[in-house]
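Fold and contact review
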Amino acid sequence: MYLIDCIHLAAKYYPSEYEEYEMIIWCNEVTALLAAITDGEYRPVRLPRYKGYTEFGENYFTTDFPVFLKGDTVNISVDGGEYEYSEIPIIGKEYENGKYILSVPDNTFKTVHDSENVEITRCITDTTYCDPPYDTMYTYYILAKICLLQHDIDMYNQYMNMFNSLFEMYKLSRLGKRTHNRLVNWWRRK
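Here's a quick rundown of the structure. Throughout this description, residue numbers start from 1 for each chain and increase along the sequence as written. For a predicted model such as this one, the threshold for reporting local features is a pLDDT of at least 70, and the threshold for listing and counting side-chain atom pairs is 80 or more; totals across whole chains, interfaces and linings nevertheless cover every residue. Only hydrogens and water are set aside when side-chain values are computed; all heavy atoms of the structure are taken into account.

1. Let's talk about the overall build of the chain
- Of the regular secondary structure elements, the chain holds 4 helices and 8 strands.
- Every helix listed is a DSSP run of H or I at least four residues long, and every strand listed is a run of E at least two residues long, numbered separately from the N terminus. In sequence order, the secondary structure elements of the chain are arranged as α-α-β-β-β-β-β-β-β-β-α-α.
- Across its three principal directions, the C-alpha atoms of the chain cover 90 × 40 × 25 Å.
- In this scheme, a residue with accessible area under 20% of its type's maximum is buried, one over 50% is exposed, and one in between is partly exposed, where area comes from a 1.4 Å probe on protein chains only. Per-residue burial over the chain gives 37% buried out of 190 residues.
- In what follows, a contact means two residues having at least one pair of non-hydrogen atoms within 4.5 Å. Look at the contacts in the chain between residues 6 or more apart in sequence, and 67% of them connect residues 24 or more apart.
- Of the accessible surface of the chain, which amounts to about 11900 Å², a share of 49% is contributed by carbon and sulfur atoms.
- Charge centroids of the chain, computed over 19 positive and 28 negative side chains, lie 20 Å from each other. Here the accessible surface of atoms and residues is derived via Shrake-Rupley with a 1.4 Å probe, and residues count as covered only by protein chains that are part of the display. Positive charges come from Lys and Arg, negative ones from Asp and Glu, while His and the chain ends are left out of the count. Taken as the charge location is NZ of Lys, CZ of Arg, CG of Asp or CD of Glu.

Structural data, given as structure tokens:
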């Protein structure tokens, strides 16, 4: 499942004032926990955002800072929403004359002009660390964090119990049932 789907599901179950970027940070906490128990690689979700002056051509735009990478998909808002571009793939990146030139598919920007009032955000296309049915633990964790921050301790406990149950099942499925050998009465040898 995509992380953004977990976030939208949590927002549907329990509407709140928290923004997507805050919930993505909480998803990073779950991913770090899952990577730690499986000795896997932890890769946090990148949340780059650019505000400022941008030059546009038919198949490129520029930024002053190296915030986006080749392969990212971005949403662009120009002049407070006068022009909106959704899910634009970045197919190349170069540095020239103090500007980062990001290539996009041909004829993407036909009518837009250079502007100082541009906001560019990366589309979140990252997936959960674990597969179904365990991926719903992300949604439960988000819901628990919302309840904790809103001081709704009863609901926090319920969502954390659901999260912990899925987390324990995931650990058992990944690590297997391990038996712990204990020494009992080892000092009474005959």
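More follows now that the structure is in view.
2. With respect to the sheet that holds strand E3 (residues 60–63)
- Spatially, the 4 strands line up as an open sheet ordered E2-E3-E7-E6, and their pairing is antiparallel. Of all the strands in the sheet, just strand E2 (56–57) and strand E6 (92–96) have a single pairing partner and so form its edges.
- Pairing between E6 and strand E7 (residues 99–103): 5 bridges, direction antiparallel. Across the sheet, residue glutamate 96 finds its bridge partner in E7, namely lysine 99. The criterion for strand pairing is that DSSP finds at least two bridges linking the strands in question.

3. A word on the packing of aromatic side chains
- Here a pair means two rings of Phe, Tyr or Trp (six-membered ring of Trp) with centres within 6.5 Å. Their orientation is stacked below 30 degrees between planes, edge-to-face above 60, and tilted elsewhere. The final tally for this structure, using the stated rule, is 9 aromatic pairs.
- With 5.5 Å between their ring centres and 65 degrees between their planes, tyrosine 134 and tyrosine 170 make a pair best called edge-to-face. Here tyrosine 134 is found in the loop between strand E8 (115–122) and helix H3 (136–149), whereas its partner tyrosine 170 is found in helix H4 (residues 153–175), with 36 residues between them in sequence.
- An aromatic cluster is present here, built from Phe56, Phe61, Tyr85 and Phe109 joined pairwise through their rings.

4. A closer look at the state of the cysteines
- Any two cysteine sulfur atoms lying within 2.5 Å of each other are counted as a disulfide. Inspection of every chain in the model, using the stated rule, returns 0 disulfides.
- Looking at the unpaired cysteine 147, the closest cysteine sulfur is the one in cysteine 27, lying at 15 Å.
- For cysteine 147, a relative accessible area of 0% translates into the label buried.

5. Overview of the pairing of E3
- Alignment of E2 against E3, held across 2 bridges, turns out to be antiparallel. The residue of E3 that forms the bridge with glycine 57 is tyrosine 60.
- Following E2, the chain reverses through 2 residues before pairing antiparallel with E3.
- Bridge analysis of E3 against E7 gives 4 bridges, and the strand direction is antiparallel. Bridge pairing in E7 places threonine 62 opposite isoleucine 101.

6. A short note on the packing of helix H1 (residues 3–13) against H3
- Lines fitted to the C-alpha atoms define the axes, with helices restricted to the stretch that makes contact. Angles between their N-to-C directions range from 0 to 180 degrees. Two elements in contact, H1 and H3, have axes separated by 9 Å at closest approach and are oriented at 45 degrees. Considered as vectors, H1 and H3 are oriented oblique to each other. Crossing handedness for the pair H1 and H3: right-handed. From H1, Leu3, Cys6, Ile7, Leu9, Ala10 and Tyr13 reach across to H3, where they touch Tyr138, Thr139, Ile142 and Leu143.
- As a working rule, the residues Ala, Val, Leu, Ile, Met, Phe, Trp, Tyr, Cys and Pro are called nonpolar, Asp, Glu, Lys and Arg charged, and the rest polar, with Gly in that last group. Partitioned by chemical class, the residues of the contact of H1 with H3 number 9 nonpolar, 1 polar and no charged. Working definition: roughly parallel below 35 degrees, roughly antiparallel above 145 degrees, roughly perpendicular at 65 to 115 degrees, and oblique for all remaining angles. Definitions for this section: a left-handed crossing has its near helix turned counterclockwise from the far helix by less than a right angle. A right-handed crossing has that turn clockwise.

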